[in-house]
Amino acid sequence: MTLLSPGRRRDGSPDRHCDDLTAALVGFRESAAVLQDWGTRLAGSLGAGARLLVAGNGGSAAQAQHLTAELVGRYRDDRPPFSALALHADTSSTTAIANDYGVHEVFARQVCAHGRPGDVLMLLSTSGASANLLTAATQARRIGMAVWSLTGPPPNPLEAISDRALCVRAPAAATVQELHLVAVHVLCEAFDQAVAAGSARRSAADTARDAAGDGVGRAVGDGTGQPGTVSDRVGHTAGDEAVNGAPVRERDGR
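Per chain, residue numbering runs from 1 following the sequence as it is written. The model is predicted, so local features are restricted to residues of pLDDT at least 70 and side-chain atom pairs to those at 80 or more, both for listing and for counting; the totals for chains, interfaces and linings are taken over all residues. Processing note: side-chain calculations cover all non-hydrogen atoms of the structure and skip hydrogens and water entirely.

Enquirer: Even after reading the chapter, I still don't get the overall build of the chain, so can you show me in this structure?
Expert: Each helix and strand in the chain was counted, giving eight helices and seven strands. Only protein chains enter the area calculation, which uses a 1.4 Å probe; residues under 20% of their type maximum are buried, those over 50% are exposed, and those in between are partly exposed. In the chain, buried positions account for 43% of the 254 residues. Expressed as a percentage of contacts within the chain between residues at least 6 apart in sequence, the contacts between residues at least 24 apart total 68%. In this description, accessible areas are obtained by the Shrake-Rupley approach with a 1.4 Å probe, and a residue is regarded as covered only by the protein chains that are shown. For the chain, the exposed area adds up to about 11900 Å²; of that, 53% sits on carbon and sulfur atoms. For the purposes of this entry, the term helix denotes a DSSP run of H or I that reaches at least four residues, the term strand denotes a run of E that reaches at least two, and both are numbered from the N terminus. We call two residues contacting when some pair of their heavy atoms lies within 4.5 Å.

See below:
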């Protein structure tokens, strides 16, 4: 094993990897407001009975499953479980579909089976060009689902067909995946905050109704006070600000 002294850097070294991640993370902070919005919207959708379908390939598949685990289980504090499915995790279905219909259909066919209008499909891709994700996005749009994506540098095909896309510009796929994990955690934090805020509002409303003696039971809401579904079309591109050479770009359909 060769130890590199401080200041001695070369491509592929731990120092270079950490430097690239640090620079990209500074720029990634610009996405905090975007992810806060995504978490709030997702809490509204899932709280109203929609489900989240998530997919990715390779390392992005691991990130996708990480997200669903946080929503079905919990991220930090205890709260009700929410419906979130990682499509690649059903190995029997994915291998059967790949064998019978081709690899490009492994996610699209599951989207057709499980997706409903108002559900959300989130796709993770460092390239934004994986054929099986693009096919899944096309089917989701046909059904009436919202398509959100976490991708690598823009422009890319997945960004172009998504309702919302958070695009990370970083020098290596590994760095993009690391920032996608940060995005997953920030999204879950915002999701939990929205759920907690919605629960507090419902509790206050119930208390007020009980005090008024109007006989009304528990209020039925989406948990956030936000619209229950997200299915808007791509409108404009918002944000392409560079910070230390690592801009984050969101395409937003509002």
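Enquirer: Please clarify how the packing of aromatic side chains should be interpreted in this entry.
Expert: The geometry of an aromatic ring pair comes down to the distance between the two centres and the angle between the two planes. When the centres of two rings from Phe, Tyr and Trp lie within 6.5 Å, Trp using its six-membered ring, the rings pair. Their planes under 30 degrees apart give stacked, over 60 give edge-to-face, and anything left gives tilted. A full pass over the atoms with the stated rule returns two aromatic pairs. Between Trp38 and Trp148, the ring centres sit 5.2 Å apart and the planes meet at 45°, which makes this aromatic pair tilted. Residue Trp38 is located in helix H2 (residues 32-47), and its partner Trp148 is located in strand S4 (residues 146-151); the two are separated by 110 residues in the primary sequence. For the pair shown, Trp38 and Trp148 are each scored as buried. The interplanar angle of 90° and the centroid separation of 5.0 Å between the aromatic rings of Phe82 and Phe191 together place this pair among those described as edge-to-face. Separated by 109 residues along the polypeptide, Phe82 in the loop between helix H3 (59-72) and strand S2 (84-86) and Phe191 in helix H8 (residues 173-212) bring together distant segments of the chain. Judged on exposure class, the residue Phe82 and its partner Phe191 are both buried.

Enquirer: Whenever I open this one, the pattern of salt bridges confuses me. Can you help?
Expert: Between side chains of opposite charge, a pair can form as their charged atoms come close. When a carboxyl oxygen of Asp or Glu lies within 4 Å of a side-chain nitrogen of Lys or Arg, that pair is called a salt bridge. In this structure the tally under the stated criterion is six salt bridges. Between Arg41 and Asp37 there is a salt bridge, with the nearest N and O atoms lying 2.9 Å from each other. Here Arg41 and its partner Asp37 are both found in helix H2, four residues apart, which amounts to about one turn of the helix. Note on Arg41: relative accessible area 18%, which makes it buried. Taking the shortest distance from any N to any O, the salt bridge between Asp192 and Arg79 comes out at 2.6 Å.

Enquirer: Help me out: how do you make sense of the nonpolar core in this one?
Expert: Where a protein is soluble and globular, its nonpolar side chains tend to be buried together. Here the nonpolar core consists of buried residues drawn from Ala, Val, Leu, Ile, Met, Phe, Trp, Tyr and Cys, with membership extended through side-chain atoms lying within 4.5 Å. Residues Trp38, Leu52, Leu67 and Met122 are the most contacted members of the largest nonpolar core, which totals 34 residues. When residues in this core are grouped by element, the largest group, nine residues, is from H8. Ignoring sequence-local partners within four residues, the contact set of Leu52 consists of Leu42, Leu46, Leu67, Leu71, Ser83, Ala84, Leu85, Val120 and Met122. Listed in part, the 18 residues of the second largest apolar core include Val111, Leu123, Met145 and Leu158.

The quantities given are spatial measurements derived from coordinates; they are silent on function.
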